[in-house]
Amino acid sequence: MTISKSQGATKKLGPISVGNKVVRFKVGNVKRRFTVHEGTQITSSRTHSNTKTRRTLDLICRTSSFFKDHLQTRRKPISHSDECCVCAEALNTRTKDLAFCLKCGQNIHEVCIEAWKRSSSAHGKHHPPLTCPMCRAPWKNETLLTHLTVEAALDPTAVHAYLDWLYTHTLNIDQALSRKLDAFNVQVLALWAVAAAVQDAAFKSVVISTDFAEARARFWVDSVKWAFVGRRGNDEIRDYVIDIFMAYMEPGWFKKHAEKWPGTFVRELFDVAMMGWGARKSFGELRRE
């Protein structure tokens, strides 16, 4: 996979090395497992100075609280002033890969901990086991493959779109899916459900922005049934559907149209309408928010 990014024709990114730590996870309603790398390594070059830099980034843990809490529970956050406790150089993720202690969470240059291992093994088999330089707990390497379960019923296509977004920072929704149909709205809600399940606020923001930018159809029967009859979204998603739906409602809607819509939706819509009909927002106001 190669990502190119122009910045005044002076900088471009080279190939991405995804590293060796793999996360496999299941979702509640799908038998197969999904696979993603925990981190990425990006090599960039500057054409004018002819220099190359390398930076290692979290991937699945970068924006997802769910995966970070399960995979990097104890890892300490990194600030620009932090130093490696072995070499005393800055913990700059742009220049060196980082490891961290599973006990105290201390971040250390990966090359430093590997050098320390080689130094320890050179003393023979009776040398004490390798310990963390900070807390002195036995240093343990994480397994290269981690298995997790996301306890939610999610759309497999939406999960794949999320994983693609992690690698490319681009949300791709099938262009064959007409933006003028309610089916597009259903796919947007399914993507939002993924964001909610993995607790990824950044992805949720992208999904909502994409909805306002691309959708050309109001929430209609299919999307309403998805959210209120199937109950496949959370309360926030249902509130969003109601807010958008109310932006187009006119007085007399309940008398003229309520019986044609699912009862669960109508009841929640009625409660919201009675509480804030006068303060309801237009579609333009919702989009600006």
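About the cut-offs
- Residues numbered from 1 in each chain as written.
- Predicted model: local features only at pLDDT ≥ 70, side-chain atom pairs only at ≥ 80, totals over all residues.
- Heavy atoms only, no water.
- pLDDT = per-residue confidence, 0-100.
- Helix = DSSP H or I, 4+ residues; strand = E, 2+ residues; numbered from the N terminus.
- Contact = heavy atoms within 4.5 Å.
- Buried < 20%, exposed > 50% of the residue type's maximum accessible area, 1.4 Å probe, protein only.
- Salt bridge = Lys/Arg side-chain N within 4 Å of Asp/Glu carboxyl O.
- Pairing = 2+ DSSP bridges.
- Core = buried A, V, L, I, M, F, W, Y, C linked by side-chain atoms within 4.5 Å.
- Domains from an automatic or database assignment.
- Phe/Tyr/Trp six-rings, centres within 6.5 Å; stacked < 30°, edge-to-face > 60°.

A. View of the confidence of the model for the protein. Across the protein, the average pLDDT comes to 80, with 79% of residues at or above 70. When pLDDT is averaged over each element of the protein, helix H5 (residues 182–197) comes out on top at 97 and strand S1 (residues 11–17) at the bottom at 40. Across residues 1–18 the pLDDT falls below 50, and counting only partners more than four positions away or on other chains, this stretch makes 44 contacts in the model.

B. Quick peek at the environment of Thr 210. Residue placement: Thr 210 occurs in helix H6 (residues 201–214). We classify Thr 210 as buried; its relative accessible area is 11%.

C. Inspection of unusual backbone geometry at higher detail. Of note, the phi angle at Ala 88 is positive, near 70°, even though the residue is not glycine. Inspection of the secondary structure assignment puts Ala 88 in the loop between helix H2 (65–71) and strand S6 (98–100). On the accessibility criterion, Ala 88 (46% relative accessible area) is partly exposed. Even without a glycine there, the phi angle at His 169 is positive, about 60°. By the secondary structure assignment, His 169 is in the loop between helix H4 (156–168) and H5.

D. Quick look at the pattern of salt bridges. Tallying each qualifying case throughout the model produces five salt bridges. Here Glu 236 makes a salt bridge to Lys 204, at a shortest N to O gap of 3.1 Å. Of this pair, Glu 236 sits in helix H8 (residues 235–247) while Lys 204 sits in helix H6, and the two are 32 residues apart along the sequence. Looking at Lys 204, the relative accessible area reads 24%, which means it is partly exposed.

E. Quick peek at the side chain of Ser 64. Tracing the sequence through the fold places Ser 64 in the loop between helix H1 (60–63) and H2. According to the relative accessible area criterion, Ser 64 is buried, its value standing at 1%. Not counting residues within four places of it along the chain, the set of residues in contact with Ser 64 comprises Tyr 162, Val 198, Gln 199 and Asp 200.

F. Looking closely at the environment of Ala 215. With respect to the helices and strands, the residue Ala 215 is situated in the loop between H6 and helix H7 (221–229). Assessed through its relative accessible area of 17%, Ala 215 is described here as buried. Distance from Ala 215 to Arg 179, taken between C-alpha atoms, is 5.1 Å for residues 36 residues apart in sequence. Beyond its immediate sequence surroundings of up to four residues, Ala 215 is in contact with Arg 179, Phe 184, Asn 185 and Thr 210.

G. Region of the structure containing the pairing of strand S2 (residues 22–27). Where S2 lies against strand S3 (residues 34–37), four bridges are found, and the strand directions are antiparallel. Note on S3: the bridge partner recorded for Phe 25 is Phe 34.

H. Main features of the nonpolar core. With 63 residues, the main nonpolar core has Phe 25, Val 36, Ile 60, Phe 67, Tyr 162 and Phe 265 as its most contacted residues. The greatest single-element share of this core, amounting to 11 residues, is contributed by H5. The two domains that each donate at least three residues to this core are domain 1 (22–121) and domain 2 (155–276). Val 36 has contacts with Lys 21, Val 22, Val 23, Phe 25, Leu 59, Ile 60, Leu 163, Leu 166 and Tyr 167, leaving out every residue within four places of it along the chain. In this structure, Leu 91, Ala 99, Ile 108 and Ile 113 belong to the second largest nonpolar core, which totals 11 residues.

I. Spotlight on the packing of aromatic side chains. With the rule as written, the count across this model stands at 20 aromatic pairs. Ring geometry for Phe 212 against Phe 283: centres 5.5 Å apart, planes inclined by 55°, an arrangement best described as tilted. Of this pair, Phe 212 sits in helix H6 while Phe 283 sits in helix H11 (residues 283–288), placing them 71 residues apart in sequence. Residue class for Phe 212 comes out buried when judged on its relative accessible area of 13%. Take Phe 283: its relative accessible area is 23%, and that puts it in the partly exposed class. Relative to Trp 261, the ring of Phe 245 lies with its centre 5.2 Å away and its plane at 80°, an arrangement referred to as edge-to-face. Taken together, the residues span a long stretch of sequence, with Phe 245 in helix H8 and Trp 261 in the loop between helix H9 (253–257) and helix H10 (263–276) at a distance of 16 residues. Trp 261 shares its class with Phe 245; the two are buried. Within the aromatic cluster, the residues linked to one another by ring pairs are Trp 220, Phe 228, Phe 245, Trp 253, Phe 254, Trp 261, Phe 265 and Phe 270.

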